[in-house]
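So the chains spell out like this:
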Number of protein chains: 2
Amino acid sequence: MASQTEENYLKSLFLLANSKGEINLTDLSKMLEISIPTANSMVNKLHEKGLLNYEKYKPLVLTAKGKKEAALIIRKHRLTEMYLVEIMGFGWEQVHEIAEQIEHINSNAFFDRMDELLSFPTIDPHGSPIPDKNGKISWKSYDKLSECKAGQTVKLAALTHSSSDFLKFLNSKGLSLGLKLKIHSIEAFDKSMIVSYHNHKQEQFSQMVSERLLVETTNPNL
Amino acid sequence: MASQTEENYLKSLFLLANSKGEINLTDLSKMLEISIPTANSMVNKLHEKGLLNYEKYKPLVLTAKGKKEAALIIRKHRLTEMYLVEIMGFGWEQVHEIAEQIEHINSNAFFDRMDELLSFPTIDPHGSPIPDKNGKISWKSYDKLSECKAGQTVKLAALTHSSSDFLKFLNSKGLSLGLKLKIHSIEAFDKSMIVSYHNHKQEQFSQMVSERLLVETTNPNL
DNA sequence: ATAATATGTTAGACGTTTCTAACTTTAATT
DNA sequence: AATTAAAGTTAGAAACGTCTAACATATTAT
Ligand SMILES: [Mn+2]
Ligand SMILES: [Mn+2]
Ligand SMILES: [Mn+2]
Ligand SMILES: [Mn+2]
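Residues numbered from 1 in each chain as written. Chains lettered and ligands numbered in written order. Predicted model: local features only at pLDDT ≥ 70, side-chain atom pairs only at ≥ 80, totals over all residues. Heavy atoms only, no water.

**Digging into the coordination of the manganese ion (ligand 3)**
Residue and element names in this part refer to chain B. Note the following rule: With water omitted from the atoms examined, metal sites may look incomplete; donors here are N, O and S atoms no farther than 2.8 Å from the metal, or 3.2 Å in the case of Na, K and Ca. Per the convention used, a helix needs a DSSP run of H or I reaching at least four residues, while a strand needs a run of E reaching at least two, with both numbered from the N terminus. Note on exposure labels: buried denotes an accessible area under 20% of the residue type's maximum, exposed denotes more than 50%, and partly exposed covers the range between, all computed with a 1.4 Å probe on protein chains only.
Around the manganese ion (ligand 3), the protein contributes the donor atoms His-77 (NE2), Glu-81 (OE) and His-96 (ND1), which lie 2.1 to 2.2 Å from the metal centre. Written as a sequence motif, the donor residues of the manganese ion (ligand 3) are H-x3-E-x14-H. Of this pair, Glu-81 sits in helix α4 (residues 64-86) while His-96 sits in helix α5 (residues 95-102), placing them 15 residues apart in sequence. Judged by relative accessible area, Glu-81 falls into the buried class, the value being 2%.

**Some details on the pattern of salt bridges**
All names here are of chain A. Stated formally: Just to be clear on terms, a salt bridge is a Lys or Arg side-chain nitrogen sitting within 4 Å of an Asp or Glu carboxyl oxygen.
Tallying each qualifying case throughout the model produces 22 salt bridges over all chains. The salt bridge involving Glu-216 is made with Lys-155; its shortest N-O contact spans 3.9 Å. Linking Glu-216 in strand β8 (residues 213-217) with Lys-155 in strand β4 (residues 153-159), this pair joins segments that are 61 residues apart in sequence. When its relative accessible area of 33% is taken as the criterion, Glu-216 is described as partly exposed. Judged by relative accessible area, which is 32%, Lys-155 ranks as partly exposed.

**Examining the relation of the copies chain A and chain B**
To keep things clear, this is the line we draw: All copies are superposed by least squares; the fitting set is the C-alpha atoms of residues with a pLDDT of at least 70 in both.
For the pair chain A and chain B, the best superposition has an RMSD of 0.0 Å and corresponds to a rotation of 180° with a translation of 0.0 Å parallel to the axis. A rotation of that kind, with that shift, is consistent with a two-fold axis. Minimal C-alpha distance to the rotation axis in chain A is attained by A:Ile102, lying at 3.7 Å.

**As for the packing of aromatic side chains**
Counted only if it meets this: Stacked, tilted and edge-to-face pairs are distinguished by plane angle, under 30 degrees for stacked and over 60 for edge-to-face with tilted covering the rest, among Phe, Tyr and Trp rings (Trp via its six-membered ring) whose centres lie within 6.5 Å.
Going through the model one piece at a time under the given rule, you end up with six aromatic pairs over all chains. With a centroid separation of 5.2 Å and an interplanar angle of 70°, the aromatic rings of A:Phe110 and A:Phe111 are classed as edge-to-face. Exposure class is identical for A:Phe110 and A:Phe111. Each is buried. When the centroid spacing of 6.5 Å and the interplanar angle of 15° are considered together, the rings of B:Phe166 and B:Phe169 count as stacked. With a gap of three residues between them, B:Phe166 and B:Phe169 both fall in helix α7 (residues 164-172), about one helical turn apart. Overall, the relative accessible area of 9% leaves B:Phe166 in the buried class.

Printed below as a string of structure tokens:
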């Protein structure tokens, strides 16, 4: 239905809406690395197709239909990333570029089979939720490591950013999802943390890093 | 480099050249289901790009560069088909449509990994050769079953056509590549054959069928 | 050899997606 | 409130891939 280009716009609109409140043309054009007038003309087109609510000079808001289409593309993207890591043996830093292309493949059977071979995963290799076949996402609320206290033990659950460079950095520190992290101390001045985890007695994470790590706090009340 | 559209043209030109002698615009436009003027304009473009030798009103002939590019796309197509069948469990009648899309994915790592997981296959699920990374194809010469004699025992090695309908027909007859076929008799009038094979004591193949089956004759001289 | 048919080319148009340049509206500063 | 800056819109153009209609060339049949 939607062209590859339209799909990329929908996906960006969806992702932007979930990280910022109101989306404007400037955000969209930056994310897609296109000029503002180009974004403007596509926005008009998506509006005419009933995928986006839009009035001149007002923020961009996906319709229910637009949100669902977007979520289904993100589903294909994240299923693909999971497949590439779990079945094909790629590193989590290698899969985004490939998934960016495969997400546009038109074949239910193909993605259903991936899903099956992965035993119906709910998160991708970076801890982001995989929307279900109806485009529904079950959001889990994680805490940023940077907002935890000294003494806490937490589990690394997801990432706020998944650039290849950041993922390579995490590899170099022996970090992967699911690891238990113990927070030993937090430097008041720069908020850097001293943490320990499997095979790592003492590592220092700058705030830049701890802000990008999402953790589950093992709640003693449950 | 080449767009998805250009890639599909190159592939068609390559495949046509290997099944007919001289290719003309009409053949090309039929294969791609586009109008003749559209094919004509793309032919001019490919010529300008040095992928096709072309003079007005003359047959279409790929250059060495064009042939190599085409072979590498066919490599991706056939590797994908093999992967879908062998690793993902699809039937040989289901994979062409998906491969038609995945062949345009730009990622050496992705196809190299498929290749590796398949242990570097040389034929696809329909018995067609997979070009190597340099675009070289090692052609094997098979015989059409229709040209074999009564009494011969041969091995089903490949197909001349792989339409989904034909593949479903073969499924219904319990036929797959590698099967040994014994030719019991050939009806002189319509060239239909009575053959037997694993779990099938007696099946009749019309000439329409036997022409589409390529076999290896187990040569007693070797 | 002429006529009929098949094949190929050119011209002109359209939808998509992109751009830059010029202009307008809204938001932020002073 | 007036000015400046940021954000958004419009106009006009280009490349790509497609089409139909009209015309030209090559091949085949009579
Ligand atoms: Mn990704
Ligand atoms: Mn994409
Ligand atoms: Mn195929
Ligand atoms: Mn294709």
